[in-house]
Amino acid sequence: GENVEQHPSTLSVQEGDSAVIKCTYSDSASNYFPWYKQELGKRPQLIIDIRSNVGEKKDQRIAVTLNKTAKHFSLHITETQPEDSAVYFCAATHNFNKFYFGSGTKLNVKP
Amino acid sequence: ETGVTQSPTHLIKTRGQQVTLRCSSQSGHNTVSWYQQALGQGPQFIFQYYREEENGRGNFPPRFSGLQFPNYSSELNVNALELDDSALYLCASSLEAGGGETQYFGPGTRLLVL
């Protein structure tokens, strides 16, 4: 089955700086890659996603890039704010049936 | 916030007991997936239900079972509870299994097995 690895496990940045979280996947058939933000005690919330026919997608301060050849995708957050502090998860699926998640990155944005 | 709801929010059980967790999918969604999220880990896929049938299963033993009802709500049943079953159980609903639509999570049920 699919194996998704996520790095780093923790990331601390100063407010206003950029943050980058990287994921690799093993199944070349995977074609959909969502990113979720999970605040303490809350549900994972979809923040951005990308499909395999696109190399990059941007939504305001958040962007995701996908390299199908290298089988990795990354989340980029610019101009970070304290409210961006949370745990971020990447995921991959090839059939919208089983979603395979990374182990999470705890992002701390220092004011 | 999504329209996916789960009950109960918290639950304490003892080893060997059985538990039933419930999930109501977002309006219009006919597919429900269940995940187990251990502390400090990413969600792990348990199984998915589509139009009342199991539509895929992860690496969980048979004591994890489920149901989906005609209104597309769903139950997760766990028999013979073990200490390692302590986790946050999340359900997620999507519009149509395999239809290329993403899933939306409920708030979860936190299960503690003593």
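Preceding block: the structure.
Residues numbered from 1 in each chain as written. Chains lettered and ligands numbered in written order. Predicted model: local features only at pLDDT ≥ 70, side-chain atom pairs only at ≥ 80, totals over all residues. Heavy atoms only, no water.

So, the side chain of B:Gln48
Examined against the element boundaries, B:Gln48 turns out to sit in strand β5 (residues 44-50). On the accessibility criterion, B:Gln48 (1% relative accessible area) is buried. A polar atom in the side chain of B:Gln48 sits 3.5 Å from the backbone oxygen of A:Phe96. (Helix = DSSP H or I, 4+ residues; strand = E, 2+ residues; numbered from the N terminus. Buried < 20%, exposed > 50% of the residue type's maximum accessible area, 1.4 Å probe, protein only. Polar contact = N/O pair within 3.5 Å; in protein donor to acceptor, adjacent residues only side chain to side chain.)

Here we look at the sheet that holds strand β1 (residues 4-7) of chain A
Residue and element names in this part refer to chain A. Read across the open sheet, the five strands follow the order β1-β3-β8-β7-β6; overall the sheet is antiparallel. Edge positions in the sheet fall to β1 and β6 (56-59), since each of these pairs with one other strand and no more. Direction aside, the axes of adjacent strands within the sheet are offset by 15 degrees on average. The sheet contact formed by strand β7 (residues 62-67) and strand β8 (residues 72-77) spans six bridges and is antiparallel. Residue pairing across strands places Leu-66 opposite Phe-73, the latter belonging to β8. (Pairing = 2+ DSSP bridges. Axes fitted to C-alpha atoms, helices over the stretch in contact; angles between N-to-C directions.)

What about unusual backbone geometry?
Backbone torsion omega between A:His7 and A:Pro8 reads -5 degrees, so that peptide bond is classified as cis. Its location among the elements puts A:Pro8 in the loop between β1 and β2 (10-14). The omega torsion across B:Ser7 and B:Pro8 is -10 degrees, close enough to zero to call that bond cis. Mapped onto the fold, B:Pro8 is located in the loop between β1 (5-7) and β2 (10-13). With a phi close to 45 degrees, B:Arg51 is a non-glycine residue in the positive phi region. Tracing the sequence through the fold places B:Arg51 in the loop between β5 and β6 (53-57). With a phi angle near 75 degrees, B:Glu52 is a residue other than glycine that sits in the positive phi range. Summarising the element assignment, B:Glu52 is placed in the loop between β5 and β6. Under the relative-accessibility criterion, B:Glu52 is labelled partly exposed at 41%.

Re the interface of chain A and chain B
Facing the 17 residues of chain A at the interface are 25 residues of chain B. Each partner contributes to the roughly 1,700 Å² buried at the junction of chain A and chain B, and carbon and sulfur atoms together form 48% of this total. Put simply, chain A and chain B have zero salt bridges between them. Linking chain A with chain B are seven residue pairs in polar contact (both at pLDDT 80 or more). (Contact = heavy atoms within 4.5 Å. Buried area = accessible area lost by both parts, 1.4 Å probe. Salt bridge = Lys/Arg side-chain N within 4 Å of Asp/Glu carboxyl O.)

Quick look at the environment of A:Glu2
All names here are of chain A. Residue position: Glu-2 is located in the segment before β1. When the C-alpha atoms of Glu-2 and Gln-14 are compared, they prove to be 34 Å apart, with twelve residues separating the residues in sequence. Not counting the four nearest positions on each side in its chain, Glu-2 is found in contact with Tyr-25, Ser-26, Asp-27, Ser-30, Ala-92 and Tyr-100. Polar contacts involving the side chain of Glu-2 include one to the side chain of Ser-30, which spans 2.5 Å.

With respect to the state of the cysteines
Taken as a whole and assessed by the stated rule, the structure comprises two disulfides over all chains. Between A:Cys23 and A:Cys90 runs a disulfide, and the two sulfur atoms are separated by 1.9 Å. Torsion about the S-S bond of the A:Cys23 and A:Cys90 cystine: about -100 degrees, corresponding to left-handed handedness. Of the two residues, A:Cys23 sits in strand β3 (residues 19-25) while A:Cys90 sits in strand β9 (residues 86-92), which places them 67 residues apart along the sequence. In terms of burial, A:Cys23 and A:Cys90 fall into one category: buried. Across the disulfide, B:Cys23 is cross-linked to B:Cys91 (sulfur-sulfur distance 2.0 Å). (Disulfide = S-S within 2.5 Å.)

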